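So the chains spell out like this:
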Amino acid sequence: YGGAIRPVRPADLPALRAVIEATALFPADLLDGMLAGHLSGEADEEIWLTDDADGPVAVAYCAPERMTQGTWNLYLIAVHPARQSEGRGAALIWEVERLVVARGAHQMLVETSGLPEFQRIRDFYPRCGFAAEALIRDFYRRGEDKVVFRKVLALADPASR
């Protein structure tokens, strides 16, 4: 694998925008607003990580699911296409998992599109221990379903908290 996972810093924004643009998951200009609370310290419950391989090449964002106890949502995970299939996405997920378990999480959710071009992503999550949990038809728009995956997490040893 050979990367260095660390928290996202303000200087990472240009490189992370490039990751988002390359993956075409959503408009890259939305990233600034998504990261604003984290970078200002106002959203300290959020987890934003990057994989730094001579600069950020991947990003993960996870936060507690509102109105739940111990459920976290992996809202974003993206690896630059030139750096995919190197174990970076899995390494980011494992680090997110370690961090959320230390915060009392017992499960993590992640969602993606049901469109055919997202099949590779839907195949990735089970390799990281997620199981398909729900399908919501026509969620994003007519003809585009939302597929929700769930992973049950091993609870941290209470003595380690």
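Heads up: these notes are all about the structure in this document.

Cut-off values and rules
- Residues numbered from 1 in each chain as written.
- Predicted model: local features only at pLDDT ≥ 70, side-chain atom pairs only at ≥ 80, totals over all residues.
- Heavy atoms only, no water.
- Phe/Tyr/Trp six-rings, centres within 6.5 Å; stacked < 30°, edge-to-face > 60°.
- Buried < 20%, exposed > 50% of the residue type's maximum accessible area, 1.4 Å probe, protein only.
- Lys NZ or Arg CZ within 6 Å of the ring centre and 35° of its normal.
- Axes fitted to C-alpha atoms, helices over the stretch in contact; angles between N-to-C directions.
- Helix = DSSP H or I, 4+ residues; strand = E, 2+ residues; numbered from the N terminus.
- Parallel < 35°, antiparallel > 145°, perpendicular 65-115°, else oblique.
- Left-handed = near helix turned anticlockwise from the far one by under 90°.
- Contact = heavy atoms within 4.5 Å.
- Nonpolar A, V, L, I, M, F, W, Y, C, P; charged D, E, K, R; others polar.

Our focus in this paragraph is the packing of aromatic side chains. Inspection of the entire model under this criterion finds 6 aromatic pairs. Residues Tyr125 and Phe130 carry aromatic rings whose centres are separated by 5.7 Å and whose planes lie at 70° to one another, so their mutual orientation is edge-to-face. Just as Tyr125 is buried, Phe130 falls in that class too. Joined through ring pairs, the aromatic side chains of Phe124, Tyr125, Phe130 and Phe149 make up one cluster. Positioned above the aromatic ring of Phe139 is the side chain of Lys146, whose terminal nitrogen or guanidinium carbon lies 4.0 Å from the ring centre.

What follows concerns the packing of helix H1 (residues 13-23) against helix H2 (residues 30-40). It is at 11 Å that the axes of H1 and H2 come closest, and there the two elements cross at 140°. With respect to each other, H1 and H2 are oriented oblique. With respect to the hand of their crossing, H1 and H2 are arranged in right-handed fashion. Every residue of H2 that contacts H1 at Leu13, Leu16, Arg17 and Ile20 is listed here: Leu31, Asp32, Leu35 and Leu39. Counted by class, the contact of H1 with H2 contains 6 nonpolar, no polar and 2 charged residues.

It is worth spelling out unusual backbone geometry at this point. Positive phi, close to 60°, is recorded for Met67, a residue that is not glycine. Tracing the backbone shows Met67 in the loop between strand S3 (56-64) and strand S4 (71-79). The class of Met67 is exposed, set by a relative accessible area of 87%. At Asp138, a position not held by glycine, the phi torsion is positive, near 55°. Following the sequence through the fold, Asp138 ends up in strand S6 (residues 131-141). Residue classification places Asp138 among the partly exposed residues on the basis of a relative accessible area of 43%.

Without other data, these values stay purely geometric and don't point to any function.
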